[in-house]
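Remarks on the overall topology
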Amino acid sequence: MLQGKTVLITGASSGIGQACAERFAESGARLLLLARRRERLEQLAAQLQQRYGTSTHCLVCDVRDRHAVQHVLGTLPPEWAAIDILINNAGLARGLAPLHEGDPDDWDEMLDTNVRGLLNVTRVVLPGMVARRSGMVINIGSIAGREVYPNGNVYCATKHAVRALSEALRIDLNGTGIRVVNIDPGLVETEFSLVRFRGDADRARKVYEGLQPLSAADVADVVLFCATRPPHVVIADVLILPSAQANTWLVHRERS
Ligand code: NDP
Ligand code: 8X3
């Protein structure tokens, strides 16, 4: 389906990004895998090569560092330089507290990763797509980009920004042949909550207690579906939730 297509996945070392790598590898894509944790990327690359014969190229990079992003993406080997699909997935939440008790360092990390990081990568990748008059940008937003929930303040603001940027890109790129997809998942069990609560596994587990959350693979299936529509079709906007979730504040949990 994606034979020979070059796909850049940010945040490929875990969760949704890693699951996308699996699905896209299965579909014949060649993968640029970007994240900060080299070992994880190299392990994933080796697995994909073994399972599907996938060609991969690992990019160890912090999306917050604009110069590093410009460097790694600006000096790609020629056979990797033409990116067909960009999946802007790298992101995180830090903390869950009322704004007046929030930690400004956490705010910086979320804003720098989820918003500036996405911009840094997109700014380098898009000119090539525009010149070739083809390509696709898939932004992983969140239900938190549609609704604000208690104590989610800054994380929700970053995901509202992702949503705004998806809409803005669709306008700016109209007529260029480049498609823009925004995918907003609800609760997905990944390392997201462990990162949010800085390794507090009990607290992280409670987020998904009493319900069947989405898996990273559930989201990757949708990303792949969007990426494999014919050129005249764009799945512009997707909300994907676990069946037990109605919105950010109403989640049905079975008591054990
Ligand atoms: P994970 O924590 O499992 O994965 C996050 C990925 O982002 C990791 O690969 C991490 O890699 C990468 N990452 C984080 N910061 C940076 C950085 N500065 N530079 C490069 N890569 C970075 O979480 P998810 O898979 O759940 O999250 C993926 C996306 O999905 C995020 O944008 C998140 O906001 C969004 N999302 C998640 C939901 C959920 O419930 N889990 C729901 C809705 C949206 P490394 O640490 O190696 O750099
Ligand atoms: C992650 C899902 O509801 O914790 O974006 O914000 S939520």
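For the structure itself, consult the block above.
Here is a short report on the structure shown in this document. Computed from a predicted model, the values in this text were never measured in an experiment.

**Details of the site of ligand 2**
Around ligand 2 lies a shell formed by S142, A144, Y149, Y155, F192 and R196. Contact between ligand 2 and S142: an oxygen atom at 2.5 Å from a side-chain N or O atom of the residue. Separating an oxygen atom of ligand 2 from a side-chain N or O atom of Y149 is a distance of 2.7 Å. About the coverage of ligand 2: the protein hides 86% of its 240 Å² of free accessible area. Counting atoms within 2 Å of the grid points, the majority share of ligand 2 lands in the largest pocket.

**Side note on the site of ligand 1**
Taken together, 30 residues sit near ligand 1, with S13, S14, R36, Y155 and T190 positioned nearest. Contacts to ligand 1 include E191, whose backbone N or O atom sits 3.2 Å from an oxygen atom. For ligand 1, the accessible surface in isolation is 880 Å², of which the surrounding protein chains cover 96%. Of the pockets mapped on this structure, ligand 1 occupies the largest pocket. Where the shell around ligand 1 is concerned, the elements lending two or more residues are α1 (15–26), α5 (153–172) and α6 (192–196). Split by residue class, the shell around ligand 1 holds 13 nonpolar, eleven polar and six charged.

**Here's the deal with the packing of aromatic side chains**
All told, the structure shown has one aromatic pair when counted by the stated rule. Taking the ring centre of W80 as reference, the NZ or CZ of R30 above it sits at 4.0 Å. The side chain of R196 reaches across the aromatic face of Y155, ending 5.3 Å from its centre.

**Some details on the environment of T228**
Relative to the helices and strands, T228 is located in the loop between α8 (216–227) and β7 (237–240). Judged by its relative accessible area of 17%, T228 falls in the buried class. Linking T228 and S27, residues 201 residues apart in sequence, is a C-alpha distance of 9.7 Å. Not counting residues within four places of it along the chain, the set of residues in contact with T228 comprises M1 and L2. Here the side chain of T228 touches L224 through a polar contact of 2.8 Å, landing on its backbone oxygen.

**Examining helix α4 (residues 104–132)**
The end-to-end C-alpha distance of α4 is 41 Å, a good match for the 42 Å that 29 residues give at a rise of 1.5 Å each. Where α4 bends most, at R116, the angle is about 35°. Near the N-terminus of α4, the side chain that reaches the backbone nitrogen of D105, with its oxygen 2.8 Å away, is that of D103. In the stretch just after α4, R133 is the one whose phi turns positive, near 55°.

**Observations regarding the packing of α1 against α8**
For the pair α1 and α8, interaxial distance at closest approach is 8 Å and the crossing angle is 55°. Viewed along their axes, α1 and α8 adopt a mutual orientation that is oblique. Viewed along their axes, α1 and α8 form a crossing whose handedness is right-handed. Between α1 and α8, the contacting residues are G15, I16, A19, C20, R23 and F24 on the first element and A216, A217, V219, A220, D221, V223, L224 and A227 on the second. Of the residues in the contact of α1 with α8, the class split is eleven nonpolar, one polar and two charged.

**Focus on the sheet that holds strand β4 (residues 85–88)**
Through backbone hydrogen bonds, the strands of a sheet pair up, either in parallel or in antiparallel fashion. With parallel pairing, seven strands are arranged side by side in an open sheet as β3-β2-β1-β4-β5-β6-β7. Pairing within the sheet leaves two strands with one partner each, and these edge strands are β3 (56–60) and β7. Direction aside, neighbouring strands of the sheet carry axes that sit 15° apart on average. Here four bridges tie β4 to strand β5 (residues 135–140), and the two strands are oriented parallel to one another. Its bridge partner being in β5, I85 is matched across the sheet by M136. Set on the sheet, α4 makes contact with β1 (6–10), β4, β5 and β6 (178–185); between it and β4 the angle comes to about 170°.

Here is what the cut-offs are and how they apply
- Residues numbered from 1 in each chain as written.
- Chains lettered and ligands numbered in written order.
- Predicted model: local features only at pLDDT ≥ 70, side-chain atom pairs only at ≥ 80, totals over all residues.
- Heavy atoms only, no water.
- Near = heavy atom within 4 Å.
- Polar contact = N/O pair within 3.5 Å; in protein donor to acceptor, adjacent residues only side chain to side chain.
- Areas by Shrake-Rupley, 256 points an atom, 1.4 Å probe, with all protein chains shown as cover.
- 1 Å grid on protein atoms, 1.4 Å probe; cavity = no way out; pocket = protein on both sides within 12 Å on 5 of 7 lines; lining within 4 Å.
- Sits in = over half its atoms within 2 Å of the grid points.
- Helix = DSSP H or I, 4+ residues; strand = E, 2+ residues; numbered from the N terminus.
- Nonpolar A, V, L, I, M, F, W, Y, C, P; charged D, E, K, R; others polar.
- Phe/Tyr/Trp six-rings, centres within 6.5 Å; stacked < 30°, edge-to-face > 60°.
- Lys NZ or Arg CZ within 6 Å of the ring centre and 35° of its normal.
- Buried < 20%, exposed > 50% of the residue type's maximum accessible area, 1.4 Å probe, protein only.
- Contact = heavy atoms within 4.5 Å.
- Expected span 1.5 Å × (residues − 1).
- Bend = angle between axes of the 7 residues up to and from the residue.
- Axes fitted to C-alpha atoms, helices over the stretch in contact; angles between N-to-C directions.
- Parallel < 35°, antiparallel > 145°, perpendicular 65-115°, else oblique.
- Left-handed = near helix turned anticlockwise from the far one by under 90°.
- Pairing = 2+ DSSP bridges.

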